[in-house]
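An overview of the molecular structure
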Amino acid sequence: LREILIDIKHGLSDLTKKKIKMVSSKAFVEDPLRMMRAFSLKADFDFKIEKMTLARIKKDKKLLANVARERVRDELFKVLASSAAFDNLKAMHRVGLLEEFLPQISIMYHLPQGGYHHLSLLGHSFETVRQTEKAIAEFSAHPKIRDYLKQELASGRTRASLMKFAALLHDIGKPETCRREKGKTTFHGHEHSGRYIVRNIAKMLKLSSLEKDTLEALVLHHLRPGYLSNFKRPTPRAIFRYFRDTKEEAPSVLLLSLADQRSTLG
């Protein structure tokens, strides 16, 4: 191959070194989606993005506004479908790219969470993605759960990928509902506010109706298993109401809630 390939930009060397590198300073001006693709390739192949390329992405990130949202969505879900969504979402945040198509998370930066949490709101949200990935890997040994998580909801996008997206967004209603009451920080009703915020995000990214409904359900019900666990033994009626309300999302809400609990205190 080396004898017949004309390798002007030394691509073979970069492939060997597992390096993602722009071939021109105008690469992202010519096609801003390449900024997203750098991270989806990094997630897919466990490559590293070269420093100058990362610096250029940080400089050119505003150009992503010129890209059709469905193209951005497709690259995002390649990241979510990988086993390294946590690492890559955080890396996208570090250069400011994540906020370019999810501006709703900007208000989550430094919001304190109160007594039960050891991380800021955004830090907790990233950690919940990490714990969701671990829970998916842990419970995928069970054939029925594995098949459930692999279900395609639309165009190759799976339930497991959407769960990771929900993990990132599950507390997005907290800034809107943040209050100080009797010396404590509260977020009463944040799951309801979050539901309407993720509905708009789903529309913006042109997710299917099924994906939108699933995302809303995950955010709306993510506290329910925690409420049930407050009882030594929940009543059959309470358990029935849980499954009645969560329907097809009952197992994914349980997994998301587990990840949320695990990420709360570290």
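The present account deals with the structure reproduced in this document. In this text, all values refer to a predicted model and were calculated from it rather than measured experimentally. (Residues numbered from 1 in each chain as written. Predicted model: local features only at pLDDT ≥ 70, side-chain atom pairs only at ≥ 80, totals over all residues. Heavy atoms only, no water.)

Looking only at helices and strands, the protein chain has 16 helices and six strands in total. Overall size of the protein chain, expressed as C-alpha extent along the three principal axes, is 70 × 45 × 35 Å. For the protein chain, with 266 residues in total, the buried portion stands at 49%. Counting every atom, the protein chain has about 14,500 Å² of accessible surface; 56% of that belongs to carbon and sulfur. (Helix = DSSP H or I, 4+ residues; strand = E, 2+ residues; numbered from the N terminus. Buried < 20%, exposed > 50% of the residue type's maximum accessible area, 1.4 Å probe, protein only. Areas by Shrake-Rupley, 256 points an atom, 1.4 Å probe, with all protein chains shown as cover.)

Here we take up the layout of surface pockets. Estimated volume of the second largest pocket: approximately 450 Å³. Together, 18 residues line the second largest pocket, and Lys19, Ile20, Lys21, Met22 and Leu41 are the ones closest to its centre. Mapped by element, the contributors of at least two residues to the lining of the second largest pocket are α1 (11–16), β1 (19–20), α2 (27–30) and α3 (33–45). Here the lining of the second largest pocket gets five residues from one element, more than from any other, and that element is α3. Grouping the amino acids of the lining of the second largest pocket by side-chain chemistry returns ten nonpolar, two polar and six charged. (1 Å grid on protein atoms, 1.4 Å probe; cavity = no way out; pocket = protein on both sides within 12 Å on 5 of 7 lines; lining within 4 Å. Points joined across faces, edges and corners; volume = space filled by probe spheres on them. Nonpolar A, V, L, I, M, F, W, Y, C, P; charged D, E, K, R; others polar.)

Turning to the side chain of Lys164, a few remarks are in order. Topologically, Lys164 is positioned in helix α10 (residues 159–169). Residue Lys164 is classed as buried on the basis of its relative accessible area, which comes to 7%. A distance of 3.3 Å separates a polar atom in the side chain of Lys164 from a polar atom in the side chain of Glu133. Not counting chain neighbours up to four residues away, the residues in contact with Lys164 comprise Leu80, Ala81, Ser82, Ser83, Ala85, Val129, Thr132, Glu133 and Ile136. (Polar contact = N/O pair within 3.5 Å; in protein donor to acceptor, adjacent residues only side chain to side chain. Contact = heavy atoms within 4.5 Å.)

A side chain of one charge can pair with a side chain of the opposite charge when the charged atoms of the two come close. Counted by the stated rule, this structure contains 20 salt bridges. Note that Arg199 and Glu216 form a salt bridge whose closest N and O atoms lie 2.9 Å from each other. Note that Arg199 is positioned in helix α12 (residues 190–204) and Glu216 in helix α13 (residues 209–221), a separation of 17 residues in sequence. Because the salt bridges share partners, they merge into one network encompassing Arg195, Arg199, Lys212, Asp213 and Glu216. (Salt bridge = Lys/Arg side-chain N within 4 Å of Asp/Glu carboxyl O.)

So, about the nonpolar core. Of all hydrophobic cores here, the largest spans 68 residues; its most connected members are Leu89 and Phe165. Counting residues per element, this core draws most heavily on α10, which supplies eight residues. Those residues within four positions of Phe165 in sequence are excluded, and the remaining contacts are Leu76, Phe77, Leu80, Leu102, Ile201, Leu205 and Leu215. (Core = buried A, V, L, I, M, F, W, Y, C linked by side-chain atoms within 4.5 Å.)

So, about α10. Counting buried positions along α10 yields eleven of eleven residues, so the element is predominantly enclosed. Turning to α10, its buried residues are Arg159, Ala160, Ser161, Leu162, Met163, Lys164, Phe165, Ala166, Ala167, Leu168 and Leu169.

Although it is not a glycine, Asp46 sits at a positive phi angle of roughly 60°. Structurally, Asp46 is set in the loop between α3 and β2 (48–49). According to the relative accessible area criterion, Asp46 is exposed, its value standing at 61%. Phi at Ser155 is positive, roughly 45°, even though this residue is not glycine. Here Ser155 shows up in the loop between β3 (152–154) and β4 (157–158). Residue Ser155 is classed as exposed on the basis of its relative accessible area of 71%.

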